[in-house]
Amino acid sequence: MKMIVYEGTVEEIAKIARALKPEAATGDSTDTFGDPERSETLVATELARRMLTRLPLSKAQTTVLKTLMDAHPEWVSRDELSAATGYSSHQLAGVMGAFGRRASKTDGYRPGIRLFDTQWNDETGAWDYRLPDTMLEALRLEKPV
């Protein structure tokens, strides 16, 4: 497998991500990155449960999940998550990346599985987030936050 590394600001990386066409995913899917041609599979509740509980969550990860749970089903902006965690937007990007690393190291994960619903917010120039029902259910089952 070939790995490509991109460098840049969160906004620059987001532009790259929207331009890429991922491998086709199977299962329930929803649009992401504002591109109707790009769809990915939402994480299954059982996989989310394993991912959330296999290692302790960091304080910032717990705060992100609690903030998203409290807002469900509404969208939460990057700036709101930054304020909740007390992290800059760049530090928050690291927290969100840690969720991806946690998921990718969990048995049953495969590329294209998404942990969060995301939508691009043109007004803020950043992503908005919310929990899919499968993640919400996993959090309610395990109560890791």
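Structural data are supplied above this passage.
Keep in mind that what you see is a predicted model, and the values were worked out from it rather than measured. Within every chain, residues take consecutive numbers counted from 1 along the sequence as written. Only residues with pLDDT of at least 70 are given local features in this predicted model, and only at 80 or more are side-chain atom pairs given and counted; all residues enter the totals for whole chains, interfaces and linings. Note: side-chain values were computed over all heavy atoms of the structure, leaving out hydrogens and water.

### Description of the sheet that holds strand 6 (residues 126–130)
Spatially, 3-6-5 is the arrangement adopted by the three strands of the open sheet, whose pairing is antiparallel. This sheet does not close on itself; its edge strands, each paired only once, are strand 3 (76–77) and strand 5 (117–121). At least two bridges found by DSSP between two strands are what make those strands a pair. Helix and strand assignments follow DSSP, with helices taken as H or I runs no shorter than four residues and strands as E runs no shorter than two, numbered in order from the N terminus. In terms of strand pairing, strand 3 meets strand 6 through two bridges, oriented antiparallel. In the strand pairing of strand 6, Val-76 is matched with Tyr-129.

### Some remarks on the pattern of salt bridges
If the charged atoms of two oppositely charged side chains come close together, the side chains can form a pair. Between Lys or Arg on one side and Asp or Glu on the other, a salt bridge is scored when a side-chain nitrogen of the former is within 4 Å of a carboxyl oxygen of the latter. This model, assessed by the stated rule, comprises six salt bridges. A salt bridge links Arg-49 to Glu-46, with the shortest nitrogen-to-oxygen separation between them at 2.6 Å. Separated by three residues within a single helix, Arg-49 and Glu-46 lie in helix 2 (residues 45–53), roughly one turn from each other. For Lys-66, the salt bridge identified is with Asp-70, shortest N-O distance 3.0 Å. Here Asp-70 and Lys-66 lie together in helix 3 (residues 59–71), a separation of four residues that amounts to about one turn. Categorising residues by exposure relies on relative accessible area from a 1.4 Å probe, with only protein chains included: less than 20% of the type maximum marks a residue as buried, more than 50% marks it as exposed, and the intermediate range marks it as partly exposed. Residue class for Lys-66 comes out partly exposed when judged on its relative accessible area of 45%. A relative accessible area of 57% places Asp-70 in the exposed class. Each of Glu-46, Arg-49 and Arg-50 takes part in one network of salt bridges that share partners.

### Regarding the nonpolar core
In this structure, Leu-65, Phe-99, Phe-116 and Met-135 are the most contacted members of the largest nonpolar core, which totals 28 residues. For this core, the elements supplying multiple residues, two or more each, are helix 2, helix 3, helix 5 (89–104), strand 6 and helix 6 (133–142). Throughout, a contact is declared for two residues whenever any of their heavy atoms are within 4.5 Å. Discounting chain neighbours no more than four positions away, the residues touching Phe-116 are Leu-65, Leu-68, Met-96, Phe-99, Tyr-129, Arg-130, Leu-131, Pro-132 and Met-135. Think of a nonpolar core as a cluster: buried Ala, Val, Leu, Ile, Met, Phe, Trp, Tyr and Cys residues, connected wherever their side-chain atoms sit within 4.5 Å.

These values are about where atoms sit, not about what they do.
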